[in-house]
Amino acid sequence: MSKNNFKKPLFLSKTFTTNPTDNKMEHVDDVAASREDFIKNRPKNLDFLLSDRYTWMNHYINTSDKGIEVGCGNGLSKFFIDCDDFLITDFTDFEWVDQKVDALNMPYADATFDFIVSSNMIHHLAKPHLFFNECYRVLKPKGKLLIQEVNGSFALRALLKLMKHEGYNYDVNPFDKNEICNDPSDLWSGNNVVPNLLFDDMKRFEENFPFTCEHHSFSEFSIFPLSGGVTAKTKTVQLPKWGLKFFRGIDNLLIAISPNTFALQRKIVLKKK
């Protein structure tokens, strides 16, 4: 295992692995059920969360652009992304998936897309290094990689320990093309600190990959648990939009004070050099 030179946090930094039988969330990995529930009921809390996770990307997209989402899961991005030529892809061939695609070996010609969407997918990859190489290859010059990802803050690590949903391991090096960061035989294997290893030092990221960072910010604290979960579910109480905006405001304040403590997610825009 190669050295990553990453300074671990003081608390909850020991490698944490999970056993599926201990997971305290419901309907784990049942993307079909989560999609059906969203379309049928459009839960207010989850709709609010997903809108926050996707609509910011429209600022970097023209409706005439050609783009894809990789690892689309339950495929809800199409409710929020404004683009006339936007395909959602996944490694599994659910009926709502436009094309079955391996994110580490995409079946597209060089310089095909204006943008690529990746939402909470990178921390599941066995070899993130290959993903960024593929994104660079299939993006057009100055094309954009729009990323919504977990942030391995103290709050996220504590939630993972509590719910036993996914794990984390700081002792991997995602900059090494040969490094295995997740179980390659398990598509739902999650190392929730891989985004920290990749993006906390953006200068190092840009030295290793041919992208420049146009945007990097942190988001979400209470509005994620209030959503009840995107795929795996927990109990929640539906709130009016003003209540959700209130909690988002509190989240933004706490995150501004200490993103390493509170922020459960991050938003990143990478432009192909």
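Residues numbered from 1 in each chain as written. Predicted model: local features only at pLDDT ≥ 70, side-chain atom pairs only at ≥ 80, totals over all residues. Heavy atoms only, no water.

A.B. asks: I'm lost on the sheet that holds strand β5 (residues 139-150) in this one. Help?
C.D. replies: Strand pairs in the sheet, formed through backbone hydrogen bonds, run parallel or antiparallel to each other. Pairing within the open sheet is mixed, and its seven strands lie in the order β3-β2-β1-β4-β5-β7-β6. Edge strands, defined here as strands with exactly one partner in the open sheet, are β3 (99-100) and β6 (211-219). Both strand β1 (residues 66-70) and strand β2 (residues 85-90) contribute to a ladder of four bridges, which runs parallel. Across the sheet, residue lysine 66 finds its bridge partner in β2, namely aspartate 85. (Pairing = 2+ DSSP bridges. Helix = DSSP H or I, 4+ residues; strand = E, 2+ residues; numbered from the N terminus.)

A.B. asks: Help me understand the packing of helix α2 (residues 44-54) against helix α8 (residues 241-257), please; the structure alone is not making it clear to me.
C.D. replies: When two helices pack together, you describe them by how their axes are tilted relative to each other and by the distance separating the axes. Contact pair α2 / α8: the axes reach a minimum separation of 10 Å and the direction vectors enclose 50°. In terms of orientation, α2 lies oblique with respect to α8. Note that α2 runs across α8; the crossing there is right-handed. Contact with α2, carried on its side by Lys44, Asn45, Phe48 and Asp52, involves Lys241, Leu244, Lys245 and Arg248 of α8 and no other residues of that element. Tallied by class, residues from the contact of α2 with α8 come to two nonpolar, one polar and five charged. (Axes fitted to C-alpha atoms, helices over the stretch in contact; angles between N-to-C directions. Parallel < 35°, antiparallel > 145°, perpendicular 65-115°, else oblique. Left-handed = near helix turned anticlockwise from the far one by under 90°. Contact = heavy atoms within 4.5 Å. Nonpolar A, V, L, I, M, F, W, Y, C, P; charged D, E, K, R; others polar.)

A.B. asks: Help me out: how do you make sense of helix α4 (residues 154-163) in this one?
C.D. replies: Taken together, the buried positions of α4 are occupied by Ala155, Leu156, Arg157, Leu160 and Met163. Buried-residue contacts for α4 involve β5 and α9 (259-262). In the segment just after α4, lysine 164 is the residue with positive phi, at about 55°. (Buried < 20%, exposed > 50% of the residue type's maximum accessible area, 1.4 Å probe, protein only.)

A.B. asks: Looking at this model, I keep getting lost on the layout of surface pockets. Mind explaining?
C.D. replies: Here the idea is plain: a probe the size of a water molecule rolls over the atoms and shows the empty space left. Considered as a void within the structure, the second largest pocket measures approximately 490 Å³ in volume. Every residue lining the second largest pocket is counted, 25 residues in all, and those nearest its centre are Thr18, Asp186, Trp188, Ser189 and Gly190. (1 Å grid on protein atoms, 1.4 Å probe; cavity = no way out; pocket = protein on both sides within 12 Å on 5 of 7 lines; lining within 4 Å. Points joined across faces, edges and corners; volume = space filled by probe spheres on them.)

A.B. asks: Help me out: how do you make sense of the packing of aromatic side chains in this one?
C.D. replies: Pairs of aromatic rings are described using the distance from one ring centre to the other and the angle between the two planes. By the definition in use, this model includes 20 aromatic pairs. Relative to phenylalanine 113, the ring of tyrosine 108 has its centre 4.8 Å away and its plane inclined at 90°; by these criteria the two rings are edge-to-face. Here tyrosine 108 and phenylalanine 113 have matching classes, each one buried. Sitting over the face of the ring of phenylalanine 91, lysine 100 holds its NZ or CZ atom 5.7 Å from the ring centroid. The side chain of lysine 272 reaches across the aromatic face of tyrosine 136, ending 4.5 Å from its centre. (Phe/Tyr/Trp six-rings, centres within 6.5 Å; stacked < 30°, edge-to-face > 60°. Lys NZ or Arg CZ within 6 Å of the ring centre and 35° of its normal.)

A.B. asks: Help me understand the nonpolar core in this model?
C.D. replies: Taken as a class, soluble globular proteins show a tendency for nonpolar side chains to be buried jointly. Counting residues in each nonpolar core, the largest one holds 40 residues, and the members touching the most others are Phe131, Phe132, Phe199, Phe205 and Leu270. Among the elements of the structure, β1, β4 (113-119), α3 (128-138), β5, α4, α5 (194-199), α6 (202-208) and β7 (265-272) are those that each provide at least two residues to this core. Beyond its immediate sequence surroundings of up to four residues, phenylalanine 205 is in contact with Phe132, Phe175, Leu198, Phe199, Phe211 and Leu270. By size, the runner-up hydrophobic cluster in this structure holds 28 residues, among which are Leu46, Leu50, Trp56 and Trp96. (Core = buried A, V, L, I, M, F, W, Y, C linked by side-chain atoms within 4.5 Å.)

A.B. asks: Any chance you could explain unusual backbone geometry here in plain terms?
C.D. replies: Comment: phi is negative for the bulk of residues other than glycine, and the bulk of peptide bonds are trans. Of note in this structure, histidine 27 is not a glycine but carries a positive phi near 55°. Along the chain, histidine 27 turns up in the segment before α1 (31-41). Its relative accessible area of 48% is what places histidine 27 among the partly exposed residues. At aspartate 29, a position not held by glycine, the phi torsion is positive, near 65°. Tracing the backbone shows aspartate 29 in the segment before α1. In this structure aspartate 29 comes out as partly exposed when scored by relative accessible area, which is 32%.

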